[in-house]
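Here is what each chain is made of, one letter per residue.
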Amino acid sequence: MNKHSQTLQITKLINQWVNRYLPTQGSLSRHTTRNYSVSLALFLGFLEVEKKVDGTNIIPDDFKHQTIEDWLVWLAEKRNNSPATCNDRLGSIRSFLKYMARKDTTLAYLYNEAALIPLKKSMKKPVEGISKKAMKALLEVPDQNTKSGRA
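Residues numbered from 1 in each chain as written. Predicted model: local features only at pLDDT ≥ 70, side-chain atom pairs only at ≥ 80, totals over all residues. Heavy atoms only, no water.

1. Side note on the pattern of salt bridges
For side chains bearing opposite charge, pairing can occur when the charged atoms are close. Basically, it comes down to this: Counted as salt bridges are all cases of a side-chain nitrogen of Lys or Arg within 4 Å of a carboxyl oxygen of Asp or Glu. Think of it this way: any DSSP run of H or I at least four residues long counts as a helix, any run of E at least two long counts as a strand, and we number them from the N terminus. Exposed residues in this analysis have more than 50% of their type's maximum accessible area, buried residues have under 20%, and partly exposed residues fall in between, with area computed by a 1.4 Å probe over protein chains only.
Throughout the structure, instances matching the rule amount to one salt bridge. For the salt bridge of aspartate 70 with lysine 51, the shortest nitrogen-to-oxygen distance reads 2.7 Å. With aspartate 70 in helix 3 (residues 65-77) and lysine 51 in the loop between helix 2 (30-49) and helix 3, this residue pair connects regions lying 19 residues apart in the sequence. Residue classification places lysine 51 among the partly exposed positions, given a relative accessible area of 35%.

The following block contains the structure:
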């Protein structure tokens, strides 16, 4: 397959994934769908600016393991994204690559390579609760002598 055919194939798959596949996934909120699209746009922008890949000449090999890892470093260092955000972005790209693999099995190697990229460690914030004194004050606010205060 020549480079032009590969570019056409990839751009068609991007269009189908963003405009047909993602909106039909009932388990995805519109915010998640938007974030998937933004992640892909960020990746394509990275390719254009950092890797000097013209968006009109994108090919499957532009989605290789090392390129995705470079993108994750770029997200963290240049865009100051947290590890959790980088992991979300990686998940979006993996989702697209999985879609590509289902549409064209010759591209399955890209998804398999991306699946090997480890997630970044992220610290979860501990949940801070409310003190007993504050909770008592909140519960004492409603007037228990009224119907709406007892509800």
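2. Some remarks on the packing of helix 2 against helix 4 (residues 83-103)
Rule in force here: Angles here are taken between N-to-C directions and fall from 0 to 180 degrees, while the axes themselves are lines fitted to C-alpha atoms, restricted in helices to the stretch in contact. We call two directions roughly parallel when the angle between them is under 35 degrees, roughly antiparallel when it is over 145, roughly perpendicular when it lies between 65 and 115, and oblique otherwise. Residue contacts are defined here by distance: any two heavy atoms, one from each residue, within 4.5 Å place the two residues in contact. Asp, Glu, Lys and Arg are counted as charged, while Ala, Val, Leu, Ile, Met, Phe, Trp, Tyr, Cys and Pro are counted as nonpolar; the rest, among them Gly, fall into the polar class.
Following both chains from N to C, one finds helix 2 and helix 4 inclined at 90°, their axes separated by 9 Å at the closest point. One way to sum up the angle between helix 2 and helix 4 is to call them roughly perpendicular. The residues of helix 4 that touch helix 2, namely those facing Asn35, Tyr36, Val38, Ser39, Leu40, Leu42 and Phe43, are Arg89, Ser92, Ile93, Ser95 and Phe96. Along the lines of polarity and charge, the residues of the contact of helix 2 with helix 4 split into seven nonpolar, four polar and one charged.

3. Some words on the nonpolar core
Soluble globular proteins: nonpolar side chains tend toward being buried together. Rule in force here: Only buried Ala, Val, Leu, Ile, Met, Phe, Trp, Tyr and Cys residues count toward a nonpolar core, and they belong to the same one when joined by side-chain atoms within 4.5 Å.
Ranked by internal contacts, the top residues of the largest apolar core, which has 30 residues, are Phe63, Ile68, Trp71, Leu72, Phe96, Leu97 and Met100. Where this core is concerned, the elements lending two or more residues are helix 1 (3-24), helix 2, helix 3, helix 4 and helix 5 (108-115). Element by element, the count of residues in this core is highest for helix 4, at seven residues. Once residues within four sequence positions are removed from consideration, isoleucine 68 is found in contact with Phe43, Phe63, Leu90, Ile93, Leu97, Ala114 and Ile117.

4. Topic: a nonpolar patch on the surface
Stated precisely, the cut-off is as follows: Without a salt bridge and with relative accessible area above 30%, a residue can belong to a patch; like charges are then joined within 9 Å and nonpolar side chains (Val, Leu, Ile, Met, Phe, Trp, Tyr) within 5 Å. Accessible surface area values rest on a Shrake-Rupley calculation with a 1.4 Å probe, where residue burial reflects the displayed protein chains alone.
A surface patch of nonpolar side chains, about 390 Å² in accessible area, is lined by Ile130, Met135, Leu138 and Leu139. Summarising the element assignment, leucine 139 is placed in helix 6 (residues 132-140).

5. Description of the side chain of aspartate 104
Our working definition: Asp and Glu count as negative and Lys and Arg as positive, but His and the ends of the chain are not part of the count. Think of a polar contact as two N or O atoms within 3.5 Å of one another; within protein, one of them needs to be a possible hydrogen donor and the other a possible acceptor, and neighboring residues in sequence only count if both atoms come from side chains.
Looking at the element boundaries, aspartate 104 is found in the loop between helix 4 and helix 5. Buried charge aspartate 104 goes without a salt bridge, the closest partner of opposite sign being lysine 103 at 11 Å. Of note is the side chain of aspartate 104, whose polar atom sits 2.3 Å from the side chain of glutamine 9.

6. Some points on the environment of glutamine 16
Structurally, glutamine 16 is set in helix 1. Given a relative accessible area of 22%, glutamine 16 falls into the partly exposed group. C-alpha of glutamine 16 to C-alpha of methionine 100: the two residues are 84 residues apart in sequence and 9.9 Å apart in space. With near-sequence residues (within four places) excluded, glutamine 16 lies in contact with Tyr21 and Tyr99.

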